[in-house]
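So you can see what is in the structure, the chains are spelled out below.
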Amino acid sequence: MDDRYFDTIDLCSRCSEQTPEYNGFVHKRSHLVIKTCRRIHDGDMAWIVPRARVVATRVKEAFKEPHSLRAAPMPSGQQICCSCGKSVSPPCWVCIDMACDMNTYFCTDCDARRTTTLLKMASPKHKLAHPLVQIFDSELISLPVMTDVSIGTLDTKITDLRKKLDDLEEKLETKIVSLQEIFERRFASLEAILTSAATVHI
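How each quantity is defined
Residues numbered from 1 in each chain as written. Predicted model: local features only at pLDDT ≥ 70, side-chain atom pairs only at ≥ 80, totals over all residues. Heavy atoms only, no water. Salt bridge = Lys/Arg side-chain N within 4 Å of Asp/Glu carboxyl O. Helix = DSSP H or I, 4+ residues; strand = E, 2+ residues; numbered from the N terminus. Buried < 20%, exposed > 50% of the residue type's maximum accessible area, 1.4 Å probe, protein only. Patch = residues over 30% accessible without salt bridge, like charges linked within 9 Å, V, L, I, M, F, W, Y side chains within 5 Å. Areas by Shrake-Rupley, 256 points an atom, 1.4 Å probe, with all protein chains shown as cover. Core = buried A, V, L, I, M, F, W, Y, C linked by side-chain atoms within 4.5 Å.

- In the nomenclature of an unreviewed UniProt entry, the protein corresponds to ZZ-type domain-containing protein from the organism Mycena pura.

And the structure:
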């Protein structure tokens with residue numbers, strides 16, 4: 001996703017180092033990359049994107065600080081891989097699942113081998129299914145800037161969303177009318193049967 005967290009692109013593991021272009025959006029290696037082994041639904045984006053930004057900002061700030069002044073997530077006072085125990089530096093991966101703290105680092109080698117946390121001081125709740133965010137460099141994330149282009153793109157997406165809602169509303173109205181007609185026909189048939197039965201009884 002881009003720095004505005006607005007445009008996104010999907011990449012498979014084999015193409016994770018590529019910089020493709022899609023619908024005018026050019027992916028850069030410095031963009032945040034969220035990796036997961038399961039499908040990310042729209043509802044998940046509501047917490048995954050903000051969490052990824054918070055974790056990435058904190059980790060980048062830690063890498064920017066002098067080594068002796070970094071926050072000490074591990075007893076050694078270093079950012080270390082939760083699997084092999086080696087010191088990590090960008091590029092690396094960090095777990096963003098709410099069950100883990102923000103110090104669940106993985107070096108690129110351990111991530112490629114899909115190893116889990118092995119160190120005793122690592123987060124015991126981490127699982128391979130948890131989403132990870134890639135920290136490609138230590139450059140701090142700039143605040144989103146809304147340009148005319150992004151506003152225009154947003155307007156287009158809002159228009160498309162409204163059209164989809166209008167189409168859905170039209171389909172619902174058609175369905176309701178259809179159900180109403182079916183109900184009226186069946187009610188009329190039932191009324192005719194009851195009238196016929198009453199006539200025969202008399």
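Overview of the pattern of salt bridges
If charged atoms from side chains of opposite charge come close, those side chains can pair.
Argument step 1. Tallying each qualifying case throughout the model produces three salt bridges.
Argument step 2. Where D111 meets K35, a salt bridge forms, and the shortest distance between an N and an O atom there is 2.4 Å. Linking D111 in helix 2 (residues 108-112) with K35 in strand 3 (residues 33-35), this pair joins segments that are 76 residues apart in sequence.
Argument step 3. The class of D111 is buried, set by a relative accessible area of 12%.
Argument step 4. We classify K35 as partly exposed; its relative accessible area is 30%.
Argument step 5. Its salt-bridge partner being D137, residue K60 comes within 2.8 Å of it at the nearest N-O pair.

Remarks on a nonpolar patch on the surface
Argument step 1. A cluster of nonpolar side chains, L161, L165, L168, L172 and I176, forms an exposed patch at the surface whose accessible area comes to about 500 Å².
Argument step 2. Of note, I176 is situated in helix 3 (residues 148-201).

Details of the nonpolar core
Argument step 1. Core analysis: the biggest nonpolar cluster contains 25 residues, and V133 and I135 have the highest contact counts within it.
Argument step 2. Mapped by element, the contributors of at least two residues to this core are strand 3, helix 1 (42-64), strand 4 (92-95), strand 5 (105-106) and strand 6 (132-135).
Argument step 3. Examining the composition of this core, we find that six residues originate from one element, helix 1, more than from any other.

Notes on unusual backbone geometry
Argument step 1. Each neighbour pair has its own omega, and for P90 with P91 the value is 0°, a cis peptide bond.
Argument step 2. Among the structural elements, P91 can be located in the loop between helix 1 and strand 4.

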